[in-house]
Structure formats: C-alpha cells, structure tokens
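A look at the structure
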Amino acid sequence: MWPSWLLLRGPGVLSLVFLWPRLYAGREASDVNLYYHWSRLLAHGLLPYRDFPVEYPPGVIPLMVLPRLHGLSAFRVEFVALSLLVDAGVLRLLRRGGARSGGCWVWVVAPLALGPIVWARLDMFVAALLVAAVIAFERDHVFRAGVWLAGAALLKAWPVLLLLVFAAIMPSGRRRLLGGAAVTAAGFVLPVLAWGGRPGLGSMLSVQTGRGLQLESVGASPLLLAHQFGAAERVVFRHGAYEIDGPGANLVAAGSTAIMAVAIVAVMVLLRRRSRDVGAAAAPVVLAVTAIVLVTSKVLSPQYLMWAVAAVTVSIDAARRKRAWLWSATLAALLITQLEYPILYTWLVAAGTAGAVIAAVHAVTVAGFAVVAVRTALEILPPSGPMPDRRPPVHAPGQAD
C-alpha cells in the first residue's frame, strides 16, 4: 500500500512544486500565494485579524509561521511537504487501527481522482482531523475527539455542526466532548482577542456567513441552465470566488441553508432514536452530515470533496450491500470535480451552454454521492440498545486478570 501511496502522489506533488503544467497546477496552487502573503505580513510584525484581514478562523495561524526559507517558491514547497506529511499520517493511523483496508485504499486513490489541489488547500488538514475524531470516538477518547473536531472547525467552520450533532446524541460524555472543544477553541481564539483582533474575527464571520451562491455549488446548476433561456442571473467575482448573482440566486441560497438546517435536525432526531453507541455511530454520523453539507452548501469549492474522502474512508469497511455503490459514487464525484476545476473551469465561468452542461453533470454527480452516502450511513448505523461499557473492567484486589 505504501508504494502505491507514493506512486500516486508523485506527479501531483511535483506539479504543485514546479507549477507544471502551468494551466493545471497553477490554479490549484493559487491559495498558497494567499497563505504566503499572510505569512509575510506576520513576519513583518503585523498581527492577523487586527492589522490585516483573514478570511478563515484562527486555526490557520500556525500555517503562517511555517519556516520561510526564501520567497514564495520555498513556502510552496514547505506547505506541500506539510500536507504530504499529514496525508501520510492519516494512512498510518488508519493502518494501525486495522480492519479498514478498504478505507486505506480510498485514502490512497483519492488524490489521483481529485487532483493536486488535495495538497494545496487547508482541507487536507480538515480531512485528517475528521478521521482522527472518528477513531477517537471509536476508542472512547471523547475529550480527544472534541479536540480534533474543534480543530477542524477552527480551519473551516462547518465541523461545528458535527460537534452539535454528537453533543445532542451522546447519553454520556457530553461534558468531555465539549470540554475538549472548548479548550482547543480557547487556545486559538483567546490570543487573538488579547492582541485586539476581535473586530477582525467579527469581520471574518460576516464574510463567511454573507457569501453568495458559488458557481460550483449544486444549487447554482439550475440557475446556470436558466441563464441559457434568458434568466437574469449572472456570474460575478466576489469573496475571492465566482458566484451567481440575481434574485434567483438569493432565493436558492436561502433555501439551501434552510434545507441544511432541517436535514441536520432530522439526523439528530434519527440518531437519538436509533443508536446510543456513539463510538459505533461516529463514522456514519460523519458520513451523513458531510454529505448533507456538501449537497446543500451555497459554497462548494473543489477541495471540499476531501471532506467526503475522509468520511468515506472511515465508513466504507462497515458497509456491506452498498460498498460498491459508495466506492463508485465517491470516485465519480471526485473525477467530475477535477474535470470541472481546473480543467474546464474557464467554460464554467463563461456561463455558456458548455458551462451549464458541466455544472449540471457535476451537480447530479455530487447529489448522487450524497444520496448513496446517506443511505450507506443508515445501513451501517448501529441499532438502538443500551450503551455499551467501553471502560476496562475493574478487578477486586488480588483478583487475577
């Protein structure tokens, strides 16, 4: 497995480091330029959220202090190397846990299907933290699971939903979960508040919640098709991405958010009725919530599919009847996402007929993945019953083990 992992990562990693082919890897490496810019500002004594705006939560700050050997090229190498180390760490964690050979192969193959963007964004770290959280739940390390989920939320805010779901369904251990999350959040947020970054944090939250309907999102697809028949929707560049603008876009964005909220609440209700074994339910919970977020979010950048990779990685070995379906749906979603960005992204932004077709195929494929993922999660969700005691037995004095 390790030779396969190395072989499948070589071309993508080298393309990011050398930016060749430029049209392909140059786009995928573009956010590294932003991270480098923040790093340079920090190196000159400016503080994030106080002296310059940052569009992500404070979990991104440690990446700003990467050793700056020399310029952007060196920073790019450092960032990709760090992503690769985290990538290898996840595979090692999965192999040490055992009984996840299928999940290991999902993790090994995924970058080939999604493209080099895997190592050029923050979402590799989010995916790694999701995998670590599930394994922590399975080992009854609830405090540690709270730490990992909070870490993921401090990079991309949506894992807060996972914290809420787990806190709602846990018959015991809720304090440990929220305690781990609170300690982690405090470790990142309190220093920012101490150096006067509160307005910047508020601005970051406003930007994140105020984003419009991104061009790559599932909800944007019908609007692109409607645009071909004279609808007033148009493509604009805003918040560092291309969005659909117009009355229909506002309606779809609001509707998507409402659907997400209803779906998450439904997951909570179902879980409270069906399962009390949080350790066994951790993987299907992450799979179902991740699928819901991807298909209903008004923002769906291509690298977000790494969240799906993490969720499928920890779930696929527990599936029986739907394992082949989940494999196929995952690979299809990754491949069509790489086709949409960066290969045919120019067509998508042009919002012509070809772009509308690409968007429609992508939306149908991602929605199909979400359906298969939720059905698989329901299949592998443990039945209701008493909460198993995961603590080691306590022996009386002098009693043999």
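Preceding this paragraph is the structure being described.
Re the overall build of the protein
- Helices and strands together make up the secondary structure of the protein, namely 18 helices and three strands.
- Whereas a compact globule of 401 residues would reach a radius of gyration of roughly 21 Å, the protein reaches 21 Å, a difference of no more than 12%.
- Taken across its 401 residues, the protein has 53% of its residues classed as buried.
- For the protein, the proportion of contacts with a sequence separation of at least 24, taken over those separated by at least 6, is 75%.
- Accessible surface, the protein as shown: approximately 17700 Å² in total, 67% of it carbon and sulfur.
- Separation of charge centres in the protein, based on 34 positive and 19 negative side chains, amounts to 5 Å.

Observations regarding the pattern of salt bridges
- Here the structure, examined in full by the defined rule, presents 10 salt bridges.
- Here Lys156 and Asp123 are joined by a salt bridge, their closest N and O atoms 3.0 Å apart. In this pair, Lys156 is assigned in the loop between α8 (142–153) and α9 (160–169) and Asp123 in helix α7 (residues 123–138), connecting sequence segments 33 residues apart.
- Given a relative accessible area of 7%, Lys156 falls into the buried group.
- Across the salt bridge formed by Glu243 and Arg238, the nearest N and O atoms sit 3.1 Å from each other.
- Residue Glu243 is classed as buried on the basis of its relative accessible area, which comes to 1%.
- Through salt bridges with shared partners, a single network forms among Arg234, Arg238, Glu243 and Asp245.

A few points about the layout of surface pockets
- Each pocket or cavity is described by its volume, and for the largest pocket that value is around 660 Å³.
- Residue assignment for the lining of the largest pocket shows that the elements contributing at least two residues are α9, α11 (198–209), α13 (247–274) and α14 (278–296).
- At four residues, the largest contribution of residues to the lining of the largest pocket is made by α11.
- In the lining of the largest pocket, the residues fall into 14 nonpolar, five polar and three charged.
- Put simply, the second largest pocket is a space of about 430 Å³.
- Considering the residues around the second largest pocket, the lining is formed by 22 residues, among which Asp31, Arg121, Gly240, Ala241 and Ser301 are closest to the centre.

Considerations on the pairing of strand β2 (residues 234–238)
- Direction of pairing for β2 relative to strand β3 (residues 241–245): antiparallel, over a ladder of five bridges. Considered in β3, the bridge of Arg234 is made with Asp245.
- Hairpin remark: β2 followed by β3, antiparallel, with two residues in the connecting loop; positive phi at His239, about 55 degrees.

Re the sheet that holds β2
- Reading across the sheet, the three strands line up as β1-β3-β2 and stay open at both edges, with antiparallel pairing between neighbours. Single-partner strands in this sheet number two, and they are β1 (213–214) and β2.

Things to note about the nonpolar core
- Ranked by internal contacts, the top residues of the largest apolar core, which has 127 residues, are Phe137, Phe166 and Phe369.
- With sequence-adjacent residues up to four places away left out, Phe137 is seen in contact with Val142, Ala145, Leu149, Phe166, Met170, Leu177, Val278, Gly279 and Ala282.

Considering a nonpolar patch on the surface
- Where nonpolar side chains cluster on the molecular surface, the patch consists of Leu14, Phe18 and Trp20 and spans about 430 Å² of accessible area.
- Mapped onto the elements, Leu14 comes out in helix α1 (residues 2–18).
- Overall, the relative accessible area of 48% leaves Leu14 in the partly exposed class.

Digging into helix α12 (residues 220–227)
- Listing the buried residues of α12 in full gives Ala220, Ser221, Leu223 and Leu224. All buried residues of α12 lie within an arc of 165 degrees about the axis, which places them on one face of the element.
- Buried residues belonging to α12 abut β1, β2, β3, α13, α17 (345–350) and α18 (353–380).

Looking at a positive patch on the surface
- Side chains of Arg92, Arg96, Arg139 and Arg144 sit close together on the surface and give a patch of like positive charge.
- For Arg144, the location among the structural elements is in helix α8.
- Judged by relative accessible area, Arg144 falls into the partly exposed class, the value being 43%.

Considering helix α15 (residues 305–315)
- In terms of burial, α15 is largely enclosed, as 11 of its 11 residues are buried.
- All of the buried residues along α15 are Leu305, Met306, Trp307, Ala308, Val309, Ala310, Ala311, Val312, Thr313, Val314 and Ser315.
- Where α15 is buried, its residues contact α5 (71–97), α6 (101–114), α7, α14, α16 (323–343) and α18.

A short note on the pairing of β3
- Most of β3 is tucked away, with four of its five residues classed as buried.
- In the sheet, β1 pairs with β3 via two bridges, with the strands oriented antiparallel. Following the sheet pairing, Gln214 is matched in β3 by Glu243.

Considering the side chain of Thr376
- Mapped onto the elements of the fold, Thr376 is located in helix α18.
- Among the polar contacts made by the side chain of Thr376, one reaches the main-chain carbonyl oxygen of Val372 at a distance of 2.7 Å.
- Each residue touching Thr376, except ones within four places of it in the same chain, is listed here: Leu287, Ala319, Lys322 and Leu326.

The rules behind these values
- Residues numbered from 1 in each chain as written.
- Predicted model: local features only at pLDDT ≥ 70, side-chain atom pairs only at ≥ 80, totals over all residues.
- Heavy atoms only, no water.
- Helix = DSSP H or I, 4+ residues; strand = E, 2+ residues; numbered from the N terminus.
- Rg over C-alpha atoms; globule rule 2.2 N^0.38 Å.
- Buried < 20%, exposed > 50% of the residue type's maximum accessible area, 1.4 Å probe, protein only.
- Contact = heavy atoms within 4.5 Å.
- Areas by Shrake-Rupley, 256 points an atom, 1.4 Å probe, with all protein chains shown as cover.
- Lys, Arg positive; Asp, Glu negative; His and termini not counted.
- Charge placed at Lys NZ, Arg CZ, Asp CG, Glu CD.
- Salt bridge = Lys/Arg side-chain N within 4 Å of Asp/Glu carboxyl O.
- 1 Å grid on protein atoms, 1.4 Å probe; cavity = no way out; pocket = protein on both sides within 12 Å on 5 of 7 lines; lining within 4 Å.
- Points joined across faces, edges and corners; volume = space filled by probe spheres on them.
- Nonpolar A, V, L, I, M, F, W, Y, C, P; charged D, E, K, R; others polar.
- Pairing = 2+ DSSP bridges.
- Core = buried A, V, L, I, M, F, W, Y, C linked by side-chain atoms within 4.5 Å.
- Patch = residues over 30% accessible without salt bridge, like charges linked within 9 Å, V, L, I, M, F, W, Y side chains within 5 Å.
- Arc of directions from axis to C-beta.
- Polar contact = N/O pair within 3.5 Å; in protein donor to acceptor, adjacent residues only side chain to side chain.

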